[in-house]
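Each chain, letter by letter, is given below.
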Amino acid sequence: MSGETAIEVCNVVKRFRLAASAGSLKTAALDCLRRRPARRFTALDDVSFTVSRGETLGLIGANGAGKSTLLSIIAGTMVATSGHVRTRGVVSSLLELGAGFHPDLTGRENVFLHGSVIGLNRREMTRRYEDIVAFAELERFIDIPVKFYSSGMYVRLAFATAINVNPEVLLVDEVLAVGDQSFQEKCLARIHEMKA
């Protein structure tokens, strides 16, 4: 991986084992006795590419094509069946609504939790905290557990947290489709700022 490479994906394969049905313990035991082979689904098959520093890459495809799976593997929240992924620098991601947020914690607590997960200390997150809350426009609600947030509030806090940790790699799935129009425009403007 060169110093100019931000993401390197090499021969990534991801297979999922599909359960025949929700079933019961009895069904699972009978399947084992019958030696019924597990059905598998290949979501990614030998995917390779690199993204250089400062470059933007969009993944386009039909539902079920493996885009979110690939982003999850790059983010490190899912493991490839084979192949490898390397990233350089701080990686922040917005892959699913509220991914990484604990519903019983307040918005404030989740901001600090996110920072610790990506390796930032409390002092660094305290320095960034006001910018995160201001961008999310959640000042009145920041000390309420996020389980009481609307989907739009969740997205606001998740995006504000993800971008204000100054990531070198930012992974964004279709989660921004949940926010209102003005917030989507604000997010896109911030992404363009970061790219520049």
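Residues numbered from 1 in each chain as written. Predicted model: local features only at pLDDT ≥ 70, side-chain atom pairs only at ≥ 80, totals over all residues. Heavy atoms only, no water.

### Considering the overall build of the protein chain
The condition that has to hold: Think of it this way: any DSSP run of H or I at least four residues long counts as a helix, any run of E at least two long counts as a strand, and we number them from the N terminus. Partly exposed describes any residue whose relative accessible area lies between the buried limit of under 20% and the exposed limit of over 50%, with all areas from a 1.4 Å probe on protein chains only and scaled to the type maximum. A contact between two residues is defined here by any heavy atoms of the two lying within 4.5 Å. Accessible surface is estimated by sampling points in the Shrake-Rupley manner with a 1.4 Å probe; for residues, cover comes only from the protein chains shown.
Regarding its fold elements, the protein chain presents six helices and five strands. Within the protein chain, the fraction of its 196 residues that count as buried is 36%. Long-range pairs, those at least 24 residues apart, make up 71% of the contacts in the protein chain between residues at least 6 apart in sequence. A total accessible area of about 11800 Å² is found for the protein chain, and carbon and sulfur atoms account for 52% of it.

### Focus on the pattern of salt bridges
Two side chains of opposite charge can pair, provided their charged atoms sit close to one another. Our working definition: Salt bridges are identified by distance alone: a Lys or Arg side-chain nitrogen within 4 Å of an Asp or Glu carboxyl oxygen.
Counted under the stated rule, the structure contains eight salt bridges. Ionic pairing is found between K186 and E137, a salt bridge with its closest N-O pair at 2.7 Å. Taken as a pair, K186 in helix α6 (residues 181–195) and E137 in the loop between α4 (122–136) and α5 (151–163) lie far apart in primary sequence, 49 residues in all. The class for K186 is partly exposed, based on a relative accessible area of 25%. When salt bridges with common partners are traced through the structure, they connect E124, R127 and R128 into a single cluster.

### Re the sheet that holds strand β2 (residues 39–52)
Worth spelling out the cut-off: When DSSP finds at least two bridges between two strands, those strands are taken to pair. Geometry is summarised by axes, namely lines fitted to C-alpha atoms with helices restricted to the contacting stretch, and by angles between N-to-C directions that run from 0 to 180 degrees.
Read across the open sheet, the three strands follow the order β2-β1-β3; overall the sheet is antiparallel. If you trace the sheet from one side to the other, it starts and ends with β2 and β3 (82–87), each paired once. Averaged over all neighbouring strand pairs, the angle between strand axes comes to 20°, with direction disregarded. Pairing geometry for strand β1 (residues 5–18) and β2, over 10 bridges, is antiparallel. Note that in β2 the partner of I7 across the bridge is V51.

### Concerning the layout of surface pockets
For clarity, the cut-off: Each cavity reported here is a set of points on a 1 Å grid over the protein atoms alone in which a 1.4 Å probe fits but cannot get out, each pocket an open set with protein on both sides within 12 Å along at least five of seven lines, and each lining residue one with an atom within 4 Å of a point. Grid points are joined across faces, edges and corners, and a volume is the space filled by probe spheres set on the points. Note on residue classes: Ala, Val, Leu, Ile, Met, Phe, Trp, Tyr, Cys and Pro are nonpolar, Asp, Glu, Lys and Arg are charged, and everything else, Gly too, is polar.
For the largest pocket, the calculated volume is near 1100 Å³. Broken down by secondary-structure element, the contributors of at least two residues to the lining of the largest pocket are β1, β2, α2 (67–75), β5 (169–172) and α6. Ranked by residue count, the leading element in the lining of the largest pocket is α6, at six residues. For the lining of the largest pocket, the per-class residue count stands at 17 nonpolar, seven polar and eight charged.

### Side note on α5
Spelled out, the test is: By this rule the span expected of a helix is its residue count minus one, scaled by 1.5 Å.
Here α5 is 13 residues long and its end C-alpha atoms lie 18 Å apart, about the 18 Å a rise of 1.5 Å per residue gives. Burial runs high along α5: 12 of the 13 residues are buried. Taken together, the buried positions of α5 are occupied by G152, M153, Y154, V155, R156, L157, A158, F159, A160, T161, A162 and I163. The elements touched by buried residues of α5 are β4 (91–94), α3 (107–117), α4, β5 and α6.

### As for the packing of aromatic side chains
In this description, an aromatic ring pair is defined by two values, namely the gap between the centres and the angle between the planes. Applied cut-off: Each Phe, Tyr or Trp ring, with Trp reduced to its six-membered ring, pairs with another whose centre is within 6.5 Å; inter-plane angles below 30 degrees give stacked pairs, above 60 give edge-to-face pairs, and intermediate values give tilted ones. Two conditions define a charge sitting above a ring: the NZ of Lys or the CZ of Arg must be within 6 Å of the ring centre, and it must be within 35 degrees of the ring normal.
One pass over the structure, following the stated rule, counts six aromatic pairs. Between F135 and F183, the ring centres sit 5.9 Å apart and the planes meet at 70°, which makes this aromatic pair edge-to-face. Separated by 48 residues along the polypeptide, F135 in helix α4 and F183 in helix α6 bring together distant segments of the chain. When sorted by exposure, F135 lands in the same class as F183, which is buried. Aromatic pair Y149 and Y154: ring centres 6.5 Å apart, planes at 80°, arrangement edge-to-face. Residue Y154 is classed as buried on the basis of its relative accessible area, which comes to 15%. The rings of F101, Y149 and Y154 are connected pair by pair, giving a single aromatic cluster. Its guanidinium or amino end placed over the ring of F112, R122 lies 4.2 Å from that ring's centre, counting from NZ or CZ.

### Section: the nonpolar core
To keep things clear, this is the line we draw: Working definition of a nonpolar core: buried Ala, Val, Leu, Ile, Met, Phe, Trp, Tyr and Cys residues. They are joined through side-chain atoms within 4.5 Å.
Counting 28 residues, the largest nonpolar core has M125, F135, Y149, L157 and F159 as its most contacted members. Going through the elements one at a time, α3, α4, α5 and α6 are the ones with two or more residues in this core. Of all hydrophobic cores here, the second largest spans 15 residues; its members include A6, V9, V12 and V91.

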